[in-house]
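Residue strings, one per chain:
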Amino acid sequence: FGHPAAQLSLPEAALLAGLIQRPEAYSPIRNPQTAKNRRNLVLKRMFEEKYITQVERAAAASAPVVLNRGFKESAAGPYFCEEIRQYLEKA
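Residues numbered from 1 in each chain as written. Predicted model: local features only at pLDDT ≥ 70, side-chain atom pairs only at ≥ 80, totals over all residues. Heavy atoms only, no water.

### Some words on the environment of Q21
Part 1 of the argument: By secondary structure assignment, the location of Q21 is in the loop between helix 1 (10–19) and helix 2 (32–48).
Part 2 of the argument: When near neighbours in sequence (up to four residues on either side) are disregarded, Q21 contacts Y26 and R38. (Helix = DSSP H or I, 4+ residues; strand = E, 2+ residues; numbered from the N terminus. Contact = heavy atoms within 4.5 Å.)

Below, the structure written as structure tokens:
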């Protein structure tokens, strides 16, 4: 998002939390609508667990997904990361 984690807004933090389960499937770069749906699910759960209010939830859910696209994604990056992940999983 172009700033430190301590400065993340509620919608940004919820988007990142939603990525943990399936980063490739919920990627806001490759699947923006799926990422937004997942973010809104995280916001719903945060509301249900009383971490946020209904007003905060509604405001965050209506916020657009804005990404810092100041860098180009490498085509080799995702492949390399997946290879490393599989290697570490076996260790």
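### Brief notes about unusual backbone geometry
Part 1 of the argument: A positive phi angle, close to 65 degrees, is found at K50, a residue other than glycine.
Part 2 of the argument: Mapped onto the secondary structure, K50 falls in the loop between helix 2 and helix 3 (54–62).

### Quick look at the side chain of R38
Part 1 of the argument: With respect to the element layout, R38 can be found in helix 2.
Part 2 of the argument: Within the buried set, R38 has no salt-bridge partner at all; the shortest N-O distance to an opposite charge, 11 Å, is to E48.
Part 3 of the argument: Within the local environment of R38, its side chain forms a polar contact with the side chain of Q21, the two groups lying 3.0 Å apart.
Part 4 of the argument: Once residues within four sequence positions are removed from consideration, R38 is found in contact with G18, Q21 and Y26. (Buried < 20%, exposed > 50% of the residue type's maximum accessible area, 1.4 Å probe, protein only. Lys, Arg positive; Asp, Glu negative; His and termini not counted. Salt bridge = Lys/Arg side-chain N within 4 Å of Asp/Glu carboxyl O. Polar contact = N/O pair within 3.5 Å; in protein donor to acceptor, adjacent residues only side chain to side chain.)

### A word on the confidence of the model for the protein chain
Part 1 of the argument: Mean pLDDT over the protein chain works out to 87, with 91% of the residues at or above the 70 mark.
Part 2 of the argument: Looking at the elements of the protein chain, mean pLDDT is at its lowest for helix 4 (residues 76–90), recorded as 80, and at its highest for helix 3, recorded as 96. (pLDDT = per-residue confidence, 0-100.)

### Some details on the environment of N31
Part 1 of the argument: Structurally, the position occupied by N31 is in the loop between helix 1 and helix 2.
Part 2 of the argument: The contacts of N31, once residues within four sequence positions are left out, are E24 and A25.

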